[in-house]
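Residues per chain, in single letters:
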Amino acid sequence: MNINFKQCHKAIREMFDLSKFEHPMAVTLTLKPGIFIERGYIHLTQEAASKDLRHFLNVLSRKILKQSQFRKGKRLPCFPVYESKNVSPHFHLVLDKPKNISNELFHDWARRTWHKTTFGNKQVDIKPCDFGWATYITKLRTKDNYIDSIDWNNFHQPDSVV
């Protein structure tokens, strides 16, 4: 299969519509390259990183959304991108913060939740998001495989929150 990466890159940037987010936050979550356990060392894989992100998003969604919404499958809207090529592994996200949650509380919950994941590292950066962030996180460099760098398993459309 011949994939035109420039066309793919353009399509992903067009699909990513920041105006659909209620209160988008630019989030960077760093990952440990590996962890020590009793039997040795476990290296971080993109699959393990994705599992940590899924756990993080589930716990954070459960804290922020009403229980009835969470049970019905609602999640915080999220556009996650994984980067690890020639850089320390990390996720860049656009994560929607409901207006009824203060920035301080959102930051506190996000940091605490990320630090409790298996590979979650200490550095967590959260700022209000602008259109420049969308351009930055969809850049081609620092991605081993551009198409696979978007964590589609943890992608949630903005209209999925009521």
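Quick note: structure is the one above.
Note that the coordinates shown come from a computational prediction; the quantities given were computed from them, not determined experimentally. (Residues numbered from 1 in each chain as written. Predicted model: local features only at pLDDT ≥ 70, side-chain atom pairs only at ≥ 80, totals over all residues. Heavy atoms only, no water.)

**Re the packing of aromatic side chains**
What counts here: In summary, the pairing rule links any two rings of Phe, Tyr or Trp, Trp by its six-membered ring, whose centres are within 6.5 Å, and it sorts them by plane angle into stacked for under 30 degrees, edge-to-face for over 60 and tilted for everything else. Comment: elements are numbered from the N terminus, with helices defined as DSSP H or I runs of at least four residues and strands as E runs of at least two. Each residue is assigned to one of three classes by its accessible area relative to the maximum for its type, calculated with a 1.4 Å probe on protein chains only: buried under 20%, partly exposed between the two thresholds, exposed over 50%.
Inspection of the entire model under this criterion finds 6 aromatic pairs. With a centroid separation of 5.5 Å and 90 degrees between ring planes, the pair formed by Phe 56 and Trp 114 is classed as edge-to-face. On the criterion of sequence distance, the pair formed by Phe 56 in helix H2 (residues 46-64) and Trp 114 in helix H4 (residues 103-115) is long-range, its members being 58 residues apart. A single burial state applies to Phe 56 and to Trp 114, both of which are buried. With a centroid separation of 5.7 Å and 80 degrees between ring planes, the pair formed by Phe 79 and Phe 155 is classed as edge-to-face. One end of the pair, Phe 79, is in strand S4 (residues 78-83); the other, Phe 155, is in the segment after helix H6 (146-149), and 76 residues separate them in sequence.

**Focus: H2**
Heads up, the condition is: Here a helix's expected span is defined as the number of its residues, less one, multiplied by 1.5 Å.
An ideal rise of 1.5 Å per residue puts 27 Å on 19 residues; H2 measures up with 26 Å between its terminal C-alpha atoms. When H2 is considered as a whole, its buried residues turn out to be Ala 48, Ala 49, Ser 50, Asp 52, Leu 53, Phe 56, Leu 57, Val 59, Leu 60, Ser 61 and Ile 64.

**Examining the side chain of Asn 154**
The cut-off we apply is this: The definition of a polar contact used here is a pair of N or O atoms within 3.5 Å, where within protein one atom must be able to donate a hydrogen and the other to accept one, and adjacent residues in sequence count solely through side-chain atom pairs. In what follows, residue pairs with any heavy atoms lying within 4.5 Å of each other are defined as contacts.
Mapped onto the elements, Asn 154 comes out in the segment after H6. A polar contact of 3.1 Å, which involves the side chain of Asn 154, links it to the backbone oxygen of Ser 50. At 2.7 Å, the side chain of Asn 154 and the side chain of Asp 151 are in polar contact. Once you skip the residues sitting within four places of it in the chain, Asn 154 turns out to touch Ser 50, Leu 53, Arg 54, Leu 57, Cys 78 and Pro 80.

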